[in-house]
Amino acid sequence: IDELLMISAGLLTGMMRAGFGGGVGVVAAPVLALTIPAKQALGVILPLTLSADLISVRYYWGRWEWHLVKAIIPGCVTGIAIGAILLNLIPEEMFRRMIGGMALSYALLQAFGGSLQARLQTTTSFGSLLIGIATGIVSVLLHAGGVVMMLYLAPLRLAGRVFVATAFLIGVILNIFKSVPYVGLGLINGNSLLISLKMLPALAVGAVLGIILNHKLPRIWFHRLILLIVVGVGIRLLLS
């Protein structure tokens, strides 16, 4: 079962990162937390996410809106620093349940986030800063900064590939910055890198599938499948 969970997490990491631009940890971190410590799961996923970035960067290169990226990054870096402090303070057992709770919160946000997005003024400097800070915090704690980032990008109604490419680039920058506190906190170490290495083949398959599905499968059906997995795993972690 442990091997199957790791393969599943690798596939989902590749699919969501390469094909849909973010939200990796919403599924992969809770799935991995069923078999290894929750904080260690974060350290395992980050090198996988960076590997998926290398696989898919050529596909999205130059298609992003650079001014939108520049506007949100200062807040993201601030949020990463805050998230790293919180991650160091939260006990492992509590963090495991937090991951379950954050996964369920993601499902609620997907269900009711449309009205929230319509009310947010994220293109202002203050709005970009707030969304950036929240994105950085959630990215550190769950590798799910993309979920919050959608509140920034969705109201702008960008073209499909531009939307994903912009989210992709913000995610790459987030991953590079948060690798520093992850190493400092010992979440990325020899043991975690060995697990990541074992999951690389599944990640590669998932990345290719994600790029294909981005063109072939309506986004809504993919999200419905992800929501089913998220709710089930989130409840399991909360009750464990």
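**Examining the overall build of the protein**
Then, number 1: Assigned secondary structure in the protein consists of ten helices and zero strands.
Then, number 2: Listed N to C, the secondary structure of the protein is α-α-α-α-α-α-α-α-α-α in terms of helices and strands.
Then, number 3: For the protein, restricting intrachain contacts to residue pairs at least 6 apart in sequence, the fraction spanning at least 24 positions comes to 85%.
Then, number 4: Of the roughly 10,800 Å² of accessible surface on the protein, a fraction of 70% belongs to carbon and sulfur atoms.

**Re the pattern of salt bridges**
Then, number 1: Going through the model one piece at a time under the given rule, you end up with one salt bridge.
Then, number 2: Here E93 and R97 are joined by a salt bridge, their closest N and O atoms 3.4 Å apart. In this pair, E93 and R97 both sit in helix α5 (residues 92–119), four residues apart, roughly one turn of the helix.
Then, number 3: When its relative accessible area of 43% is taken as the criterion, E93 is described as partly exposed.

**Concerning the packing of helix α6 (residues 125–142) against helix α7 (residues 145–153)**
Then, number 1: At a minimum axis distance of 7 Å, the contact between α6 and α7 shows a crossing angle of 165°. On the basis of their axis angle, the class for α6 and α7 is roughly antiparallel. In the crossing of α6 with α7, the sense of the turn from one axis to the other is right-handed. Where α6 abuts α7, its residues S128, I131, A134, T135, V138 and S139 lie against G145, V148, M149, L151 and Y152.

**Let's talk about α7**
One turn of an α-helix holds 3.6 residues; hence residues three or four places apart share an orientation.
Then, number 1: Summarising burial for α7: nine of the nine residues are buried, a large majority.
Then, number 2: Taken as a whole, α7 has its buried residues at G145, G146, V147, V148, M149, M150, L151, Y152 and L153.

**Remarks on the confidence of the model for the protein**
Then, number 1: Of the residues in the protein, 86% reach a pLDDT of 70 or more, and the chain-wide mean stands at 82.
Then, number 2: Within the protein, the lowest mean pLDDT, 73, falls on α5, and the highest, 94, falls on helix α4 (residues 66–89).

**As for the packing of aromatic side chains**
Then, number 1: In the structure shown here, the tally under the stated rule is one aromatic pair.
Then, number 2: Consider the rings of W61 and W64, whose centres lie 5.3 Å apart with planes at 75°: the pair is edge-to-face.
Then, number 3: Taking relative accessible area as the criterion, W61 reaches 62% and is therefore assigned exposed.
Then, number 4: Overall, W64 belongs to the buried group, its relative accessible area being 17%.

**Description of the packing of α6 against helix α8 (residues 160–184)**
Between two packed helices, both the angle of their axes relative to each other and the distance between the axes serve to describe the pair.
Then, number 1: Between α6 and α8, the least distance of the axes is 10 Å, while the angle of their chain directions is 55°. By the angle class used here, α6 and α8 are oblique. The way α6 lies across α8 gives a crossing that is right-handed. The residues of α8 that touch α6, namely those facing T135, G136, S139 and V140, are L174, K178 and Y182.
Then, number 2: Here the contact of α6 with α8 is composed, by residue class, of three nonpolar, three polar and one charged.

**Describing the environment of Y182**
Then, number 1: Residue position: Y182 is located in helix α8.
Then, number 2: Separated by 139 residues in sequence, Y182 and G43 place their C-alpha atoms 6.6 Å apart.
Then, number 3: For Y182, the residues in contact, after removing those within four places along its chain, are L42, G43, L46, L87, S139, V140, H143, L187 and I188.

**Quick word on a nonpolar patch on the surface**
Then, number 1: On the surface, V231, I235, L238 and L239 cluster together into a nonpolar patch covering about 340 Å² of accessible area.
Then, number 2: By the secondary structure assignment, V231 is in helix α10 (residues 219–239).
Then, number 3: With relative accessibility at 31%, the residue V231 sits in the partly exposed group.

**Structural notes on helix α3 (residues 38–60)**
Then, number 1: With 23 residues, α3 extends 31 Å between its outermost C-alpha atoms, agreeing within 8% with the 33 Å of an ideal straight helix rising 1.5 Å per residue.
Then, number 2: By the largest-angle criterion, L54 marks the main kink of α3, which is about 35°.

**Focus: the environment of P47**
Then, number 1: Relative to the helices and strands, P47 is located in helix α3.
Then, number 2: A residue is classified by how much of its surface remains accessible, and P47, at 17% relative accessible area, is buried.
Then, number 3: Separated by 150 residues in sequence, P47 and L197 place their C-alpha atoms 8.8 Å apart.
Then, number 4: Sequence-distant contacts of P47, defined by excluding residues within four places in its chain, comprise I188, L193 and S196.

About the thresholds
Residues numbered from 1 in each chain as written. Predicted model: local features only at pLDDT ≥ 70, side-chain atom pairs only at ≥ 80, totals over all residues. Heavy atoms only, no water. Helix = DSSP H or I, 4+ residues; strand = E, 2+ residues; numbered from the N terminus. Contact = heavy atoms within 4.5 Å. Areas by Shrake-Rupley, 256 points an atom, 1.4 Å probe, with all protein chains shown as cover. Salt bridge = Lys/Arg side-chain N within 4 Å of Asp/Glu carboxyl O. Buried < 20%, exposed > 50% of the residue type's maximum accessible area, 1.4 Å probe, protein only. Axes fitted to C-alpha atoms, helices over the stretch in contact; angles between N-to-C directions. Parallel < 35°, antiparallel > 145°, perpendicular 65-115°, else oblique. Left-handed = near helix turned anticlockwise from the far one by under 90°. pLDDT = per-residue confidence, 0-100. Phe/Tyr/Trp six-rings, centres within 6.5 Å; stacked < 30°, edge-to-face > 60°. Nonpolar A, V, L, I, M, F, W, Y, C, P; charged D, E, K, R; others polar. Patch = residues over 30% accessible without salt bridge, like charges linked within 9 Å, V, L, I, M, F, W, Y side chains within 5 Å. Expected span 1.5 Å × (residues − 1). Bend = angle between axes of the 7 residues up to and from the residue.

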